[in-house]
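Structural characterization, general
Spelled out from the first residue to the last, the chains are:
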Amino acid sequence: MEDEREVEIENDPSPPSPSPSSGHFKLFDQLELLEFEDKYVIRAVGCTNQGFSISRFDGDIQPLINEDLSGSPSKTSKICGVVGTIRLVSGTHIIVITSAKEVGKYLGFPVFRVQSLKCLPCNQALKQLSPQEKKEEAYFRNLLRVVESTPGLYYSYETDITVNLQRRFKLAEGWMSKPLWKQADPRFVWNRALLDDLIEKKLDGCIIPLQQGSFQAAELTLKDTPVSIALISRRCTRRLGTRMWRRGANLEGDAANFIETEQLVETKGFRSSFLQVRGSIPLLWEQIVDLSYKPRLNIINHEETSKVVERHFHDLSQRYGDILALDLTDKHGDEGKLSSAYAAEMEKVPNVRYVSFDFHSVCGNSNFDNLDVLYNEIAEDFKKQGYFLIHKDGNVLEEQRGVIRSNCIDCLDRTNVTQSYLARISFDSQLQRTGIFSPEDSVTKFTEEYDKFKIMWVEHGDEISLEYAGTHALKRDLVRYGKQTLGGLITDGMSALSRYYLNNFQDGIKQDAIDLIGGHYSVGRS
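Residues numbered from 1 in each chain as written. Predicted model: local features only at pLDDT ≥ 70, side-chain atom pairs only at ≥ 80, totals over all residues. Heavy atoms only, no water.

**Remarks on the overall build of the chain**
In terms of helices and strands, the chain carries 13 helices and 20 strands. Here the chain holds 526 residues, and the buried ones make up 57% of them. Looking at the chain alone, contacts between residues at least 24 apart form 68% of all its contacts between residues at least 6 apart. When the accessible surface of the chain is split by element, carbon and sulfur atoms take 49% of a total near 22,200 Å². (Helix = DSSP H or I, 4+ residues; strand = E, 2+ residues; numbered from the N terminus. Buried < 20%, exposed > 50% of the residue type's maximum accessible area, 1.4 Å probe, protein only. Contact = heavy atoms within 4.5 Å. Areas by Shrake-Rupley, 256 points an atom, 1.4 Å probe, with all protein chains shown as cover.)

Below is the structure:
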């Protein structure tokens, strides 16, 4: 299923363009990087005037239309794309994608995962810096090295992957012919703060909106019918960060670790989409790293707390419709205090149902089937929210009218288990609606195919966890096997210890790198 090729991506080398006849915009998918003494040149393979140059002295960008390329480059290499530019103390750096892997298709278009990034300095000012500026420059360059190892970055050359199927269908006619960066939902564009220089020079064919999250795909055969399923998660950039350094919400109502997850199914001329979201409890709270194994939670008393919660759910309602807030946290200890504060605030939020479900108490480590207790409580809302279903002729058969917003403390392990459970129920409903399944059928009755479904969700959970906590997800066995195994307990213990180390000794630097790349503070010479 995965394409092991990296830079050498087999596609038509002719220059792409937003041609009205093609119906959609297409980025340059084969680029070469030419390194001259005074500049870098990035251009489409086989097209000498499609691309741009960037000065190695001052970072000035110029389209190649009238560029003089006399002389021979010292080095020429293939690259997969341009991430954007960033300014440090000494000047501009450009970030490029040096390798990528095809991991599946979204709506028929290939999706790629970034394998490696490289930051190239475009300045000659380092020797002119003061000792203090050199020290600052060294720190920021170290942050760029952290950025180069950012996990879970995805993109497509031929379609925007940041907008879900139902919303895409409702976009204005002609939207798909716009440059991809204009089509994208800015909430989910990881490199949005790095694109300004490229946008200013109108280099639309080189501007790749990168999305952080997860992309998994599987091919199933159910009752002799092929079924394609993709699982795509989109991490919001508004409160991006690492586990202990980004908790709760900010004053604008943006929650940490907020992720939209879409399960997309294609079969027999039908496409269906089921959306869920997750996010940190949208109160003002923190968990200060103090070398203890489980730092104490601190709920911040603030006069704006109620407005923060209201802003958060107003935004969700505007985007998704009816919201069911599902709180999976414990009802004792620090978690219990936070959960109680959340429940109290939710009583003030109109038209949003809040459901508290103590996952650890009901399910423990081995009773995955006990999630039926939860489903029985929310089934009416779940069925009412539904899913999006469209036929290839353009006829919309079903619309999703709302989403379930799940959270635990980290919005990782318990949330992954619960979301996979609800996704399976929705998957069964979709196949029943399209006539593949009878009302009594379920994917759980097809052992090999159900294993593919579960593995997809396990790998999705691992990737989301790596981005926020730095380790694989815990409770993977509950998704994979429906119960905790001895091997799983050992693995969970090792992952928990790794999280402790990362939270205390690595995540501060990682958070600085995330803030730098996200444009949350600017760097320049004083």
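**A few points about the packing of helix H5 (residues 305–320) against helix H6 (residues 333–346)**
Contact geometry for H5 and H6: axes closest at 10 Å, N-to-C directions at 75°. One way to sum up the angle between H5 and H6 is to call them roughly perpendicular. Residues Thr305, Ser306, Val309 and Phe313 of H5 form the contact with H6, whose participating residues are Tyr342, Glu345 and Met346. A per-class count over the contact of H5 with H6 returns 4 nonpolar, 2 polar and 1 charged. (Axes fitted to C-alpha atoms, helices over the stretch in contact; angles between N-to-C directions. Parallel < 35°, antiparallel > 145°, perpendicular 65-115°, else oblique. Nonpolar A, V, L, I, M, F, W, Y, C, P; charged D, E, K, R; others polar.)

**So, the pairing of strand S3 (residues 51–55)**
In terms of burial, S3 is a largely internal element, 5 of the 5 residues being buried. Here S3 shows two buried faces, one formed by Gly51, Ser53 and Ser55 and the other by Phe52 and Ile54. Bridging between strand S2 (residues 39–44) and S3 involves 5 bridges; their strand directions are antiparallel. Directly across from Ile42, in S3, lies its bridge partner Phe52. Hairpin remark: S2 followed by S3, antiparallel, with 6 residues in the connecting loop; positive phi at Gly46, about 85°. Summarising the sheet, S3 and strand S4 (residues 61–63) pair through 3 bridges and their orientation is antiparallel. Within S4, the position partnered with Ile54 by the bridge is Ile61. Two successive antiparallel strands, S3 and S4, enclose a turn made up of 5 residues, where Gly59 displays a positive phi of approximately 75°. (Pairing = 2+ DSSP bridges.)

**As for the sheet that holds S3**
Within the open sheet, the 5 strands sit side by side as S4-S3-S2-S1-S5. Their pairing is antiparallel. Of all the strands in the sheet, just S4 and strand S5 (75–79) have a single pairing partner and so form its edges. Across this sheet, the average inter-strand angle for adjacent strands is 20°, counted without regard to direction. When strand S1 (residues 31–35) meets S5, the two strands line up antiparallel, connected through 5 bridges. Paired with Glu35 across the strands is Lys75, a residue of S5.

**Thoughts on unusual backbone geometry**
Although it is not a glycine, Leu107 sits at a positive phi angle of roughly 55°. Classification of Leu107 as buried rests on a relative accessible area of 8%. The backbone phi angle of Lys202 is positive, close to 60°, even though this residue is not glycine. Within the secondary structure, Lys202 is located in the loop between helix H4 (196–200) and strand S10 (211–222).

**Comments concerning the pattern of salt bridges**
The full count for this structure, using the stated rule, is 29 salt bridges. In this structure, Arg87 and Asp197 form a salt bridge, with 3.4 Å as the shortest nitrogen-oxygen distance. With a gap of 110 residues between them, Arg87 in strand S6 (residues 81–88) and Asp197 in helix H4 connect regions that are remote in the sequence. A single network of salt bridges, built from pairs that share partners, joins Arg167, Asp185, Arg187, Arg234, Glu260 and Glu262. (Salt bridge = Lys/Arg side-chain N within 4 Å of Asp/Glu carboxyl O.)

**Some details on the environment of Leu143**
Relative to the helices and strands, Leu143 is located in helix H1 (residues 131–148). Taking relative accessible area as the criterion, Leu143 reaches 0% and is therefore assigned buried. Along the backbone, Leu143 and Asp515 are 372 residues apart, and their C-alpha atoms lie at a distance of 9.9 Å. Contacts of Leu143, omitting those with residues within four sequence positions, involve Ile509, Asp512, Ala513, Leu516 and Tyr521.

**A closer look at the side chain of Thr225**
By secondary structure assignment, the location of Thr225 is in strand S11 (residues 225–235). Residue contacts for Thr225: discarding those within four places in its chain leaves Leu220, Thr267, Lys268 and Ile436.

**Details of the packing of aromatic side chains**
If you walk through the whole model with that rule in mind, you get 12 aromatic pairs. Residues Tyr450 and Phe453 carry aromatic rings whose centres are separated by 6.2 Å and whose planes lie at 25° to one another, so their mutual orientation is stacked. With Tyr450 and Phe453 both in helix H10 (residues 447–468) and 3 residues apart, this pair spans about one turn of that helix. The residue whose ring lies beneath Lys39 is Phe36, and the NZ or CZ to ring-centre distance is 5.8 Å. (Phe/Tyr/Trp six-rings, centres within 6.5 Å; stacked < 30°, edge-to-face > 60°. Lys NZ or Arg CZ within 6 Å of the ring centre and 35° of its normal.)

**Quick word on the nonpolar core**
Residues Leu371 and Phe427 are the most contacted members of the largest nonpolar core, which totals 41 residues. Breaking this core down by element, the ones donating at least two residues are S10, S11, strand S13 (270–278), strand S16 (322–327), helix H7 (359–363), helix H8 (371–385), helix H9 (413–433) and H10. Among the elements that take part in this core, H9 stands out by supplying 7 residues, more than any other. Apart from the residues within four sequence positions on either side, Phe427 is in contact with Leu220, Leu222, Val227, Ile229, Gln263, Val265, Val443 and Phe453. The next biggest cluster of nonpolar side chains, apart from the first, holds 33 residues, and it includes Leu27, Ile97, Ala100 and Leu240. (Core = buried A, V, L, I, M, F, W, Y, C linked by side-chain atoms within 4.5 Å.)

**Notes on the confidence of the model for the chain**
Of the residues in the chain, 85% have a pLDDT of 70 or more, and the chain-wide mean is 87. Per-residue pLDDT stays below 50 along residues 1–22; that stretch engages in 46 contacts with residues further than four places along the chain or on separate chains. Segment residues 499–505: pLDDT under 50, and 27 contacts once partners within four positions in sequence are set aside and those in other chains are kept. (pLDDT = per-residue confidence, 0-100.)

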